[in-house]
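Here's the letter readout for the chains.
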Amino acid sequence: MPPRKINLVEAADRTITKVFDPHIAGDVNDSQAKVAKFGDVFDWHAHDNEDEAFLVLRGRIAIDFRDGPVELGEGDFIVVPRGVEHRPRSLTEEPVVLMFEPATTLNTGNAKSDLTVADLKRL
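Every value quoted in this text rests on a predicted model; they were computed, and no experiment measured them. (Residues numbered from 1 in each chain as written. Predicted model: local features only at pLDDT ≥ 70, side-chain atom pairs only at ≥ 80, totals over all residues. Heavy atoms only, no water.)

(A) Summary view of the sheet that holds strand β2 (residues 31-37). Within the open sheet, the 6 strands sit side by side as β6-β3-β8-β2-β1-β9. Their pairing is mixed. With partners counted over all chains shown, the strands left at the sheet margins are β6 (77-80) and β9 (121-122), one partner each. Pairing geometry for strand β1 (residues 23-28) and β2, over 5 bridges, is antiparallel. If you follow Asp27 over to β2, its bridge partner there is Gln32. (Pairing = 2+ DSSP bridges. Helix = DSSP H or I, 4+ residues; strand = E, 2+ residues; numbered from the N terminus.)

Have a look at this one:
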């Protein structure tokens, strides 16, 4: 049986009902591809031991850094190095974003809050 193909945007629209609720799209060795819809603004946080990659699949987002924001549109990609404090936020309604990071990465990094999701669902 061949590997399963998935349309990430369609799967997100069908499965993800809350913003900032990452779902696992697939496992790649010790890392995971995760998909989330973004809301107005997330928590400031950093990942002390992990880099975090973002690819915008639909809509527009900004990632705020302490020295200024970076805006991303569909198809734009950025890697946030480990230890860099950042805060994602949406610029359009419920953008869909692919994140690639080690499987053990907590979405809120070093800043646990009501937005922390420790038990991720799968698409």
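(B) Highlighting the side chain of His86. Relative to the elements of secondary structure, His86 occurs in strand β7 (residues 86-90). Within polar-contact distance, the side chain of His86 engages the side chain of Glu52 at 3.0 Å. Not counting chain neighbours up to four residues away, the residues in contact with His86 comprise Asp43, Trp44, His45, Ala46, His47, Glu52, Phe54, Ile63, Asp64, Phe65 and Val80. (Polar contact = N/O pair within 3.5 Å; in protein donor to acceptor, adjacent residues only side chain to side chain. Contact = heavy atoms within 4.5 Å.)

(C) Molecular detail of the pairing of β7. Burial along β7 is one-sided: His86, Pro88 and Ser90 are buried, and none of Arg87 and Arg89, which face the opposite way, are. Pairing between strand β4 (residues 61-65) and β7: 5 bridges, direction antiparallel. If you follow Asp64 over to β7, its bridge partner there is Arg87. (Buried < 20%, exposed > 50% of the residue type's maximum accessible area, 1.4 Å probe, protein only.)

(D) Quick peek at the side chain of Asn107. Relative to the elements of secondary structure, Asn107 occurs in the loop between β8 (96-102) and β9. A polar side-chain atom of Asn107 sits 2.9 Å from the main-chain amide nitrogen of Val117. Those residues in contact with Asn107 that sit more than four places away from it in its chain are Phe20, Pro22, Phe42, His45, His47, Leu115, Thr116 and Val117.

(E) Just the nonpolar core, in detail. One finds Phe38, Phe54, Ile61 and Ile63 to be the most contacted residues of the largest nonpolar core, which totals 14 residues. Looking at this core, the elements with two or more residues in it are β3 (52-58), β4, β6 and β8. No other element matches β4, which puts 3 residues into this core. Excluding residues that lie within four positions of it along the chain, Ile63 makes contacts with Phe54, Gly68, Pro69, Val70, Leu72, Ile78, His86, Arg87 and Pro88. (Core = buried A, V, L, I, M, F, W, Y, C linked by side-chain atoms within 4.5 Å.)

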